[in-house]
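Per-entry structural report
Here is what each chain is made of, one letter per residue.
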Amino acid sequence: MMEKFANRIRDYYQDPLDPLAEQFMFRRPPTVGELRRPPQVLLLGNHSSGKSTFVNHLLGDDVQSTGVAPTDDGFTIITYGATATERDGPAVVSNPDLPYEGLRHFGDHLVSHVRLKLRPAELLKTVTLIDSPGMIDAAKAENGRGFDFPGVVRWFAERADLVMVFFDPDKPGTTGETLQVFRESLVGIDHKMLIILNKVDQFQCLHDFARAYGALCWNLGKVIARKDLPMIYNTFVPLTDKPKSRLPMEDFEKARTDLIGEIRRTPTRRMDNQITQIQAYAERLRLHAMVIDKAADKFKSTRARWRGLLLLLFGGLGAAAFGTGMVVAVPGIALAAVLAVSLTELVTLPRSKRRLISRFDQIFEKLHDRELLLRDRAEDLRMMWEEVSPRAREIAEKSGLESFKKMSWHDRELLEELTGELIPQLRSELYDAMRDSDAPSPALAEDEPAMFPAAKPPRPRLVEGDGSGTPKRKTFF
Ligand SMILES: Nc1nc2c(ncn2[C@@H]2O[C@H](COP(=O)(O)OP(=O)(O)O)[C@@H](O)[C@H]2O)c(=O)[nH]1
Ligand SMILES: [Mg+2]
């Protein structure tokens, strides 16, 4: 089922989005490789918050080593393989069949801290897990680690479909690096982020739990720029060697079931994210292309008018000179024509081009005057235009308005149809398909919050995008 949706998304990128992006020099759409990468879940959190224990619990196998001391200082990509094998960073980042070549750019030191583990676990057939080194107290992580930790986290987070951030009772969000990662690496991806207060079985009384939960909310409030706090999953992994808590654990157990449900839903979530991504891309491309196209059109007609006028003027003068027998005047007229044409090409037309580019905002307003009457839509449109307009101007200035081939009527219609009908329809088909297959839809998943929602469960909201710069767009995550 997912393959069918993935193919349609790929087809829309191939025609008309990719050719139009090329025609109007818009950023390129995601590559086929990027579109085909497996759904990924990134696990973040301070060291000893229980990430690796959670991975082992999920897979029912001791894949990762665990312990109170910082046992792991690297990123481990855990994916499906019929037999259990492992590969080192250099082999991982230089394999074109794996989507991790981009990590090379963070340097050899990071590469030596990447590992790939292949395991025959059922869950890994549909989801790849990425375990990360625990965050530490040093605010300037780069000094401590030898690579750009927030940058690498950002790289993985942008490509993940779910980012789980673990906290534990000892450090509910207070390490310097955690705060730095929230500020630098997780900005704009809160639509796919799950917050977990883990190891709650360590609490022996409600008072301790309330204090840790409160401290976590307090700390998150400082680094997550949104009005309501995200939902927090309060949970634990049952371990035989740990003392039992005196608190009732049922709700915490339910939160773990919910969390695992979210992880299992990653492939669907991924498809929903990809639909959001293509919709955002197509809408921005539409704004960019239509404004440039309109300005180029105006510029070309101004140029044609000037050229026509000069041709008429000097052609007429020349003809009159011949007609009246004043042939001696012809060289003078030709010289004046050359001067006038040069003046137009060198001064008048460039000025008209600059004026048109400086009036991009008005062109945008005029092109969308109907849509801008709708208040909700106007807000979205203006926000998107603000995002794409600097680049549109830069491109128009650099390559000149005359270089753009006119957008065909067919392409314009197709682009309108894609953003207005086809992509929204794809999303509703996805939800229908999920309903038919009895898998809870992402929208429905909101109705089953784990315990102690901090405020409201997440609502569809404006978010920023992932990877290919997917920007603010309404989504269910
Ligand atoms: N009580 C309790 N201990 C846990 C839980 N999860 C992990 N631990 C313990 O916490 C320590 C650190 O766990 P680990 O998974 O290595 O943390 P990581 O650094 O985040 O990967 C280990 O000793 C685990 O046994 C939990 O849910 N409850
Ligand atoms: Mg670990």
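Rules and cut-offs
Residues numbered from 1 in each chain as written. Chains lettered and ligands numbered in written order. Predicted model: local features only at pLDDT ≥ 70, side-chain atom pairs only at ≥ 80, totals over all residues. Heavy atoms only, no water. Patch = residues over 30% accessible without salt bridge, like charges linked within 9 Å, V, L, I, M, F, W, Y side chains within 5 Å. Areas by Shrake-Rupley, 256 points an atom, 1.4 Å probe, with all protein chains shown as cover. Salt bridge = Lys/Arg side-chain N within 4 Å of Asp/Glu carboxyl O. Helix = DSSP H or I, 4+ residues; strand = E, 2+ residues; numbered from the N terminus. Pairing = 2+ DSSP bridges. Axes fitted to C-alpha atoms, helices over the stretch in contact; angles between N-to-C directions. Contact = heavy atoms within 4.5 Å. Near = heavy atom within 4 Å. Polar contact = N/O pair within 3.5 Å; in protein donor to acceptor, adjacent residues only side chain to side chain. Nonpolar A, V, L, I, M, F, W, Y, C, P; charged D, E, K, R; others polar. pLDDT = per-residue confidence, 0-100. Phe/Tyr/Trp six-rings, centres within 6.5 Å; stacked < 30°, edge-to-face > 60°. Buried < 20%, exposed > 50% of the residue type's maximum accessible area, 1.4 Å probe, protein only. Lys, Arg positive; Asp, Glu negative; His and termini not counted. Charge placed at Lys NZ, Arg CZ, Asp CG, Glu CD. Parallel < 35°, antiparallel > 145°, perpendicular 65-115°, else oblique. Left-handed = near helix turned anticlockwise from the far one by under 90°.

Quick look at a nonpolar patch on the surface
Taken together, L343, L346 and V347 make up a surface patch of nonpolar side chains, about 300 Å² in accessible area. Position of L343 among the secondary structure elements: in helix α12 (residues 330-358).

Describing the sheet that holds strand β3 (residues 85-88)
Pairing is mixed across the open sheet formed by 8 strands, whose spatial order is β3-β4-β2-β5-β1-β6-β7-β8. Because the sheet does not close on itself, it has two edges, and the strands there are β3 and β8 (232-234). Neighbour-to-neighbour, the strand axes of the sheet open up by a mean angle of 20 degrees, direction not taken into account. Along the sheet, helix α9 (residues 206-223) contacts β6 (162-167), β7 (193-197) and β8; its crossing angle with β8, the most-contacted strand, is approximately 155 degrees.

A look at the site of ligand 1
In the vicinity of ligand 1 there are 18 residues, among which S48, S52, T53, D201 and V237 approach most closely. Contact distances for ligand 1 include 2.5 Å between an oxygen atom and a side-chain N or O atom of T53. G67 places a main-chain nitrogen or oxygen 2.9 Å from an oxygen atom of ligand 1. Alone, ligand 1 offers 580 Å² of accessible surface; in the complex the protein occludes 93% of this. Considering only residue class, the shell around ligand 1 consists of 4 nonpolar, 10 polar and 4 charged.

As for the confidence of the model for the protein
When pLDDT is averaged along the protein, the result is 85; 88% of the residues meet or exceed 70. Segment residues 440-477 is flagged for pLDDT under 50; beyond a separation of four residues in sequence, or across chains, it makes 106 contacts in the model.

Points about the packing of aromatic side chains
This structure, assessed with the given rule, holds 13 aromatic pairs. When the ring of W155 is compared with that of F156, the centres are 5.3 Å apart and the planes differ by 90 degrees; the resulting orientation is edge-to-face. For the pair F203 and F209, a centre-to-centre distance of 5.5 Å together with 80 degrees between the ring planes defines the contact as edge-to-face. One exposure class covers both F203 and F209, and it is buried.

Structural notes on the pairing of strand β1 (residues 40-45)
Among the 6 residues in β1, 6 count as buried, and that is most of the element. Of the two faces of β1, the one carrying Q40, L42 and L44 and the one carrying V41, L43 and G45 are both buried. Inspection of the sheet shows β1 paired to strand β5 (residues 128-131) by 4 bridges, in the parallel sense. Across the sheet, Q40 pairs through a bridge with T128, a residue of β5. Bridging between β1 and β6 involves 5 bridges; their strand directions are parallel. Bridging from a neighbouring strand, L44 pairs with V165 of β6.

Side note on a positive patch on the surface
A cluster of basic residues, K294, K298, R351, R354, R355, R359 and K366, forms a positive patch on the protein surface. Mapped onto the positive patch, the elements with two or more residues apiece are α11 (266-323) and α12. With 3 residues, α12 is the single largest residue contributor to the positive patch. Here K366 shows up in helix α13 (residues 360-367). For K366, a relative accessible area of 63% puts it in the exposed group.

Description of the packing of helix α7 (residues 149-159) against helix α8 (residues 176-184)
Taken N-terminus to C-terminus, the directions of α7 and α8 make an angle of 50 degrees; their axes are 10 Å apart at the nearest point. By the criterion of interaxial angle, the relationship of α7 to α8 is oblique. Crossing of α7 against α8: the hand is right-handed. Along its contact with α7, which presents F149, P150, V153 and R154, the element α8 presents E177, Q180, V181 and E184. Its residues placed into classes, the contact of α7 with α8 shows 4 nonpolar, 1 polar and 3 charged.

Description of the side chain of H113
In this fold, H113 is placed in the loop between α5 (108-111) and β4 (114-119). Not counting the four nearest positions on each side in its chain, H113 is found in contact with D73, G74, F75 and F147.

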